[in-house]
Amino acid sequence: DSNDETEDVSLFDADEETSRSSRRKKIRHPIASFFHLFFRVSAIIVYLLCELISKSFIACMVTIILLLSCDFWAVKNITGRLLVGLRWWNQVDDDGKSHWVYESRKSGKKTSSDAESRIFWLGLISCPIIWVIFAFSTLFSFNVKWLAVVIMGVTLQGANLYGYIKCKVGTRKNLTSIATSYLGSQFLRQVSGAP
């Protein structure tokens, strides 16, 4: 009967499929998001559990440095571009002068999601802080043999953090003008008594 009124009824799996698709829209690059955190967290875990995993200091040191190097490369060359649309690199002129280039995607072309941006910046900021804490703990515990590994962690992850902050904020002149305008607006609020 073609005159029967039919009603579209969602199947019990349809709601589950729509929730999966909305999750996928939040994280468009799940593999990049995974590896953005994988190498960082793995290096920290290996550092913390190294005494339990292996008795060989050299094997642990090499493993941690390899994980930190893989993290540096992956964040600088892949996850920064995919997750937040930022990239930085060093370019050498014909004269032999080195120039650092910091780029960001145009604001109109947003291909990354807020969830990816939070994952990126959370990993980028928190891990160097953890390595700085490790540096102080190695100095205060007089565990000098781990100092080189910790300095590598601070250096590699700090370099990525510095490069991406420069990409996000811009040149030093731009950073100074942002800080000046913020402090000026705070001063005006206090003078005027506005909250």
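Per an unreviewed UniProt entry, the chain goes by the name Golgi apparatus membrane protein TVP23 homolog and belongs to Engystomops pustulosus. UniProt's Subcellular location (unreviewed entry) comment on the chain is quoted here verbatim: "Membrane".

### A word on helix α5 (residues 147–169)
Note: α-helices contain 3.6 residues per turn, so residues at a spacing of three or four share the same orientation. For α5, built from 23 residues, the straight-helix expectation of 33 Å at 1.5 Å per residue is met to within 8% by its first-to-last C-alpha distance of 32 Å. Residues of α5 that are buried include every one of V149, V150, G153, L156, Q157, N160, L161, G163, Y164, K166 and C167, and no others. Backbone geometry just after α5 places G170 at a positive phi near 110 degrees.

### Concerning the nonpolar core
With 19 residues, the main nonpolar core has Y47, I64, L68, W131, F134, W146 and V150 as its most contacted residues. Within the residue set of this core, elements represented by two or more residues are α2 (30–53), α3 (57–84), α4 (114–140) and α5. Broken down by element, the residue count for this core peaks at six residues, all from α2.

### Details of a nonpolar patch on the surface
The grouping of L37, V41, I45, L48, L49, L52 and I53 at the surface amounts to a nonpolar patch, some 660 Å² of accessible area in total. Mapped onto the fold, L52 is located in helix α2. A residue is classified by how much of its surface remains accessible, and L52, at 74% relative accessible area, is exposed.

Definitions and limits used
- Residues numbered from 1 in each chain as written.
- Predicted model: local features only at pLDDT ≥ 70, side-chain atom pairs only at ≥ 80, totals over all residues.
- Heavy atoms only, no water.
- UniProt positions renumbered as here; feature names shortened; annotations may be inferred.
- Helix = DSSP H or I, 4+ residues; strand = E, 2+ residues; numbered from the N terminus.
- Expected span 1.5 Å × (residues − 1).
- Buried < 20%, exposed > 50% of the residue type's maximum accessible area, 1.4 Å probe, protein only.
- Core = buried A, V, L, I, M, F, W, Y, C linked by side-chain atoms within 4.5 Å.
- Patch = residues over 30% accessible without salt bridge, like charges linked within 9 Å, V, L, I, M, F, W, Y side chains within 5 Å.
- Areas by Shrake-Rupley, 256 points an atom, 1.4 Å probe, with all protein chains shown as cover.
- Salt bridge = Lys/Arg side-chain N within 4 Å of Asp/Glu carboxyl O.

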